[in-house]
Amino acid sequence: EGRRLGGAVGYDVALGKTFTIGAEAGIGWTLDDRERAPVGATQVGVESGRDIDLSLRLGARVAPRTLVYAKAGWANTRFTGEVRNAAGALVSRTRGNEDGVRVGVGVE
């Protein structure tokens, strides 16, 4: 749960009158503070930072002004994880990046 700010840009090329192919790139940031969950006497929290993605899109025009599309691509998310003791003092912190697959469908 939370708020996120981001955007995406893309470009499609028509493959005849019905189909399109395109590319899309996006970036976003999580705006909310880290939430911690109790695990025994400690508190564990993970905060996602920015995420970026690159995707290919395939679309089909189903009406004169309506395109239905599917997309698939690569995504990378930056994160920070923390463990705090019962008093709230920092025990450990780790930062990293994770790669993954982004898939989606949409109507434009």
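Worth saying up front: this structure is predicted, and the values here are computed from it rather than measured. (Residues numbered from 1 in each chain as written. Predicted model: local features only at pLDDT ≥ 70, side-chain atom pairs only at ≥ 80, totals over all residues. Heavy atoms only, no water.)

Caption draft 1: Just the overall build of the protein chain, in detail. Per the secondary structure count, the protein chain includes 0 helices and 6 strands. Whereas a compact globule of 108 residues would reach a radius of gyration of roughly 13 Å, the protein chain reaches 19 Å, over 25% beyond that. Viewed in the frame of its principal axes, the protein chain has a C-alpha envelope of about 65 × 20 × 20 Å. For the protein chain, the residues scored as buried account for 21% of the 108 residues in total. Only carbon and sulfur atoms are counted for the fraction: they give 58% of the accessible area of the protein chain, which is about 7,500 Å². (Helix = DSSP H or I, 4+ residues; strand = E, 2+ residues; numbered from the N terminus. Rg over C-alpha atoms; globule rule 2.2 N^0.38 Å. Buried < 20%, exposed > 50% of the residue type's maximum accessible area, 1.4 Å probe, protein only. Areas by Shrake-Rupley, 256 points an atom, 1.4 Å probe, with all protein chains shown as cover.)

Caption draft 2: Broad picture of a nonpolar patch on the surface. Together, Y11, V13, L15, F19, I21 and L58 give the surface a local cluster of nonpolar side chains, amounting to about 630 Å² of exposed area. Looking at the nonpolar patch, the elements with two or more residues in it are β1 (4-15) and β2 (19-30). With 3 residues, the single largest contributor to the nonpolar patch is β1. Secondary-structure assignment places F19 in strand β2. (Patch = residues over 30% accessible without salt bridge, like charges linked within 9 Å, V, L, I, M, F, W, Y side chains within 5 Å. Salt bridge = Lys/Arg side-chain N within 4 Å of Asp/Glu carboxyl O.)

Caption draft 3: Molecular detail of the pattern of salt bridges. If you walk through the whole model with that rule in mind, you get 9 salt bridges. The partner of D51 in a salt bridge is R102, and the shortest N-O contact between them spans 3.5 Å. Of this pair, D51 sits in strand β4 (residues 42-63) while R102 sits in strand β6 (residues 90-107), placing them 51 residues apart in sequence. Under the relative-accessibility criterion, R102 is labelled partly exposed at 26%. Salt-bridge contacts for R102 lead to D53; the nearest nitrogen and oxygen are separated by 2.9 Å.

Keep in mind these values describe shape, not function.
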